[in-house]
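# Working through the structure, step by step
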Amino acid sequence: MSDEEKKAQEIPIEADSPGDEDELIFLDDERDMADILAAIGIEPLKKSRTGLFAAVFVLLLLLGSGAFCLYWFVLKEKPALTGEIQQPSAQPEPKPEPKPEPKPEPKPEPIPEPKPEPKPEPQPEPKPEPKPEPQPEPQPEPKPEPQPEPKPEPQPEPKPEPQPEPKPEPKPEPVPEPKPEPQPEPQPEPKPEPKPEPVPEPKPEPKPEPTPEEKALVESTPEMLRQRRKSRRLETAIKYGGTEETEKAVDSALGWLSKNIGSEGLWESRKHGAKENVDLAQTGLALLAFSGAGQTTEEGDFTAVVKKAAGRLIAAQDPKTGRIWATGQGGNGPGYTHAICGMALVELAALDKDEKIKEAARLAVDYSVKEHQYVKAGKRGGWRYKAGDWGDTSVTGWFMMQLKVAPEAGFSVPPEVYAGAAHFLESVRTDEKDKDGVRLHLYGYTQKSGFTARRSVIACLGRLYSDTKAGEFIPTLDRIMTQNMPKWEDQDWYYWYYGMLLTFQVDLERFSKWNLALRDLIVKNQSTDGADAGSWRPAGEYGNFGRIYTTSMAALCLEVYYRYAPKGN
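A few points on the structure. (Residues numbered from 1 in each chain as written. Predicted model: local features only at pLDDT ≥ 70, side-chain atom pairs only at ≥ 80, totals over all residues. Heavy atoms only, no water.)

### Side note on the overall build of the protein
Heads up, the condition is: Where helices and strands are cited, they refer to DSSP runs of H or I of at least four residues and of E of at least two residues respectively, numbered from the N terminus. A simple rule labels every residue: compare its accessible area, found with a 1.4 Å probe on the protein chains alone, to the largest value its type can have, and call it buried under 20%, exposed over 50%, or partly exposed in between. Contacts were defined at the residue level, with two residues in contact if any of their heavy atoms lie within 4.5 Å. Accessible surface is estimated by sampling points in the Shrake-Rupley manner with a 1.4 Å probe; for residues, cover comes only from the protein chains shown.
Helix and strand counts for the protein stand at 19 helices and 4 strands. By the burial criterion, 39% of the 569 residues in the protein qualify as buried. Counting contacts in the protein only where the partners sit at least 6 residues apart, residues at least 24 apart contribute 65% of the total. Of the roughly 34,800 Å² of accessible surface on the protein, 54% is carried by carbon and sulfur atoms.

Here is the structure:
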């Protein structure tokens, strides 16, 4: 066989020798087997079939060992050199049992060990095709060719050094997942203790339906005055801006007055701080406070007091003229005394069935119209201290209040009486105008000059009850209330009372402002201790009239909500 043919049949076999580079050993199929055996140190058995078979066996054994080593080191352990994927051997490589690693708590998600990139399905390693056993031909003994140093007999299969398990890249010490800051274990929300059902603010106990008698009493009362009846009083007060506290203050004031009435039915003014004797006028004022709260000789908690006081006023009345006056009374004459006391009897007559009271009230009205009002040459004017005087704003205001209620009690008042009052008041009205050129209702005392807020609200109420529509007073109220809202340090009960009456009758929005400025101040400053509990200390411009005057006027202010039905609303 030629050298070229021999080379063509040479089969390259990879050698795997640690530390050496990969070498190729070529086997000549037709080389004498004996030479090969000699090269590896085995004495050939010449011309012996038994020796030949033994040699082939040894050769195959060597080839198998080499193939196994090749598979182990090249294909299984170093797949990157051959580009092939390791094929799991029939007998799986015994792996060292993994030592259980201490599990860190909390254990971060395990980082998957790097896996070899997916590669095509491993093809079974091509096994060298069994070649036909070479028939031993008698050949001349080959000259031994230099062979690489014989390899030592296959040593026991070197166990692959347990390659350090790919140390999981020093696992970044499990950055402890930002441990949710140890939040306090969610304690079960404390079960809200069953809240006691909210205690509703004490509301006035719903009053029982009025009895047929009460209904009859209300219906028999003139509409202007019926809201002051006991069955309607609290409800009406709250409707218009009063409170339970204002009602308690009124009751306390009436309680104090009832304790301090004199044995003869008069409230003794000088005994309670007045500088002059004004007992009759102050008795009339106190009686107005009782009737303003619906107290009569027949109804209420103070019927005995009302009867005694009304009897004392009747006793002071002149039966011929109807004038209520007594010698020695102050006030510069009978003007204030008769106007106030007559008004108290007229209101009681409108609420009460007592015939003596009704008769006394009728006589008082006759005196006011026929005797005391200014009348000259058929023209009427106002009222002042003495009968027949031209008039002044203050006294005229009280007479106008008396005559306004008179028709409610069944007493007629000629229209010229109201016209005369309006004529007088117009004579003392200033010419001052607002920014729109409208003449304001600002009034002096006995002439145009010298108007004040007090005189103006008194005169406005008289004009309202005589001939003027409520809307005309709104610009005046705005002017007065801008400059003269009530202040406790400037006590003026006379002004405060008439201001409450006027704003309530003209415009409820303005009344609300006035009421809020004054209501709580009055309640807050009521005396609560000792013998004076329920009264108000006399102070301010009219402090010289004493505690009876102050307490009566304070009660009248807090009764405005139901005293008269509002006219202009």
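### Looking at helix 13 (residues 415–427)
An α-helix turns once per 3.6 residues; consequently, residues spaced three or four apart project the same way. The criterion, for reference: Expected span of a helix, by definition, is 1.5 Å for each gap between consecutive residues, and there is one gap fewer than residues.
Across its 13 residues, helix 13 extends 19 Å between first and last C-alpha, which sits within 8% of the 18 Å expected from 1.5 Å per residue. Taken as a whole, helix 13 has its buried residues at Val417, Tyr418, Gly420, Ala421, Ala422, Phe424 and Leu425. The inward-facing, buried residues of helix 13 abut helix 11 (355–372), strand 4 (379–380), helix 12 (393–405) and helix 14 (453–466).

### Observations concerning the packing of helix 7 (residues 244–259) against helix 8 (residues 279–292)
For clarity, the threshold we go by: To define axes, lines are fitted to C-alpha atoms, for helices over the stretch in contact only, and angles between the resulting N-to-C directions are given on a 0 to 180 degree scale. Working rule for angles: under 35 degrees goes down as roughly parallel, over 145 as roughly antiparallel, 65 to 115 as roughly perpendicular, anything else as oblique. Helix crossings fall into two classes, left-handed where the near helix is turned counterclockwise from the far one by less than a right angle and right-handed where it is turned clockwise.
Their axes nearest at 11 Å, the elements helix 7 and helix 8 cross at an angle of 135°. Here helix 7 is positioned oblique relative to helix 8, judged by the angle of their axes. Between helix 7 and helix 8 lies a crossing of left-handed hand. Here Leu254, Leu257 and Ser258 of helix 7 come into contact with helix 8, specifically with Ala286, Ala289 and Phe290.

### Some remarks on the pattern of salt bridges
A pair can form between side chains of opposite charge whenever their charged atoms are brought close. Let me state the cut-off plainly: Here, a salt bridge means any Lys or Arg side-chain nitrogen found within 4 Å of an Asp or Glu carboxyl oxygen.
Summed over all chains, the structure comprises 22 salt bridges. Arginine 233 is the partner of aspartate 251 in a salt bridge, and the nearest nitrogen-oxygen pair spans 2.9 Å. Here arginine 233 lies in helix 6 (residues 233–240) and aspartate 251 lies in helix 7, a separation of 18 residues in the sequence. Overall, aspartate 251 belongs to the partly exposed group, its relative accessible area being 37%.

### Section: unusual backbone geometry
Backbone geometry places asparagine 332, a non-glycine residue, at a positive phi of 65°. For asparagine 332, the position within the fold is in the loop between helix 9 (303–315) and helix 10 (334–351). With relative accessibility at 55%, the residue asparagine 332 sits in the exposed group. Of note in the backbone geometry, alanine 377 takes a positive phi value of approximately 55° without being a glycine. Tracing the backbone shows alanine 377 in the loop between strand 3 (375–376) and strand 4. For alanine 377, a relative accessible area of 78% corresponds to the exposed category.

### A closer look at the side chain of arginine 563
Checked against the element boundaries, arginine 563 lands in helix 19 (residues 560–563). Residue class for arginine 563 comes out buried when judged on its relative accessible area of 0%. If sequence neighbours within four positions are ignored, arginine 563 has contacts with Met224, Leu225, Arg228, Leu288, Gly292, Met343, Glu347, Tyr497 and Leu556.

### A look at the packing of helix 6 against helix 7
Running from amino to carboxyl end, helix 6 crosses helix 7 at an angle of 130°, the nearest separation of the two axes being 9 Å. By the angle class used here, helix 6 and helix 7 are oblique. Two packed elements cross with a definite hand, and for helix 6 against helix 7 that hand is right-handed. Residues Arg233, Leu234 and Ala237 of helix 6 form the contact with helix 7, whose participating residues are Glu244, Glu247, Val250 and Asp251.

### A look at the packing of aromatic side chains
Rules: Note on aromatic contacts: the rings of Phe and Tyr and the six-membered ring of Trp form a pair at centre separations within 6.5 Å, being stacked when their planes are under 30 degrees apart, edge-to-face when over 60 apart, and tilted otherwise.
The final tally for this structure, using the stated rule, is 22 aromatic pairs. Centroid distance tryptophan 493 to tryptophan 496: 5.0 Å. Interplanar angle 65°. Geometry classified as edge-to-face. Separated by 3 residues within a single helix, tryptophan 493 and tryptophan 496 lie in helix 16 (residues 493–506), roughly one turn from each other. Across the pair, exposure class does not vary: tryptophan 493 and tryptophan 496 are buried alike. Residues tyrosine 542 and phenylalanine 545 carry aromatic rings whose centres are separated by 5.7 Å and whose planes lie at 25° to one another, so their mutual orientation is stacked. Owing to a relative accessible area of 18%, tyrosine 542 belongs among the buried residues under this scheme. The exposure class of phenylalanine 545 is partly exposed, given its relative accessible area of 23%. Every member of this aromatic cluster is reached through a ring pair, and the members are Trp398, Tyr494, Tyr497, Tyr498, Tyr542, Phe545 and Tyr549.

### Some words on the nonpolar core
Here is the rule: Only buried residues count toward a nonpolar core, which is a set of Ala, Val, Leu, Ile, Met, Phe, Trp, Tyr and Cys residues joined through side-chain atoms within 4.5 Å.
Judged by nonpolar contacts, the single largest core of 109 residues is most densely connected at Trp267, Trp398, Met401, Trp493, Tyr497, Tyr498 and Tyr564. Sequence-distant contacts of tryptophan 267, that is, excluding residues within four places in its chain, are made with Leu257, Asn260, Ile261, Asp279, Thr283, Ala286, Phe290, Val305, Ala309 and Ile548.

### Observations concerning the side chain of arginine 519
Here arginine 519 shows up in helix 17 (residues 508–524). Judged by its relative accessible area of 12%, arginine 519 falls in the buried class. Setting aside its immediate chain neighbours within four residues, arginine 519 contacts Gly241, Thr243, Thr246, Leu558 and Tyr561.

### Details of helix 7
Which entries qualify depends on this criterion: Any pair of N or O atoms that falls within 3.5 Å is considered a polar contact. Within protein, one atom must be able to donate a hydrogen and the other to accept it, and sequence-neighbouring residues count only if both atoms are side-chain atoms.
The end-to-end C-alpha distance of helix 7 is 23 Å, a good match for the 22 Å that 16 residues give at a rise of 1.5 Å each. Looking at the buried residues of helix 7, the elements they touch are helix 6, helix 8, helix 9, helix 17, helix 18 (546–558) and helix 19. For helix 7, the N-terminal cap is threonine 243; the gap from its side-chain oxygen to the backbone nitrogen of glutamate 245 is 3.2 Å.

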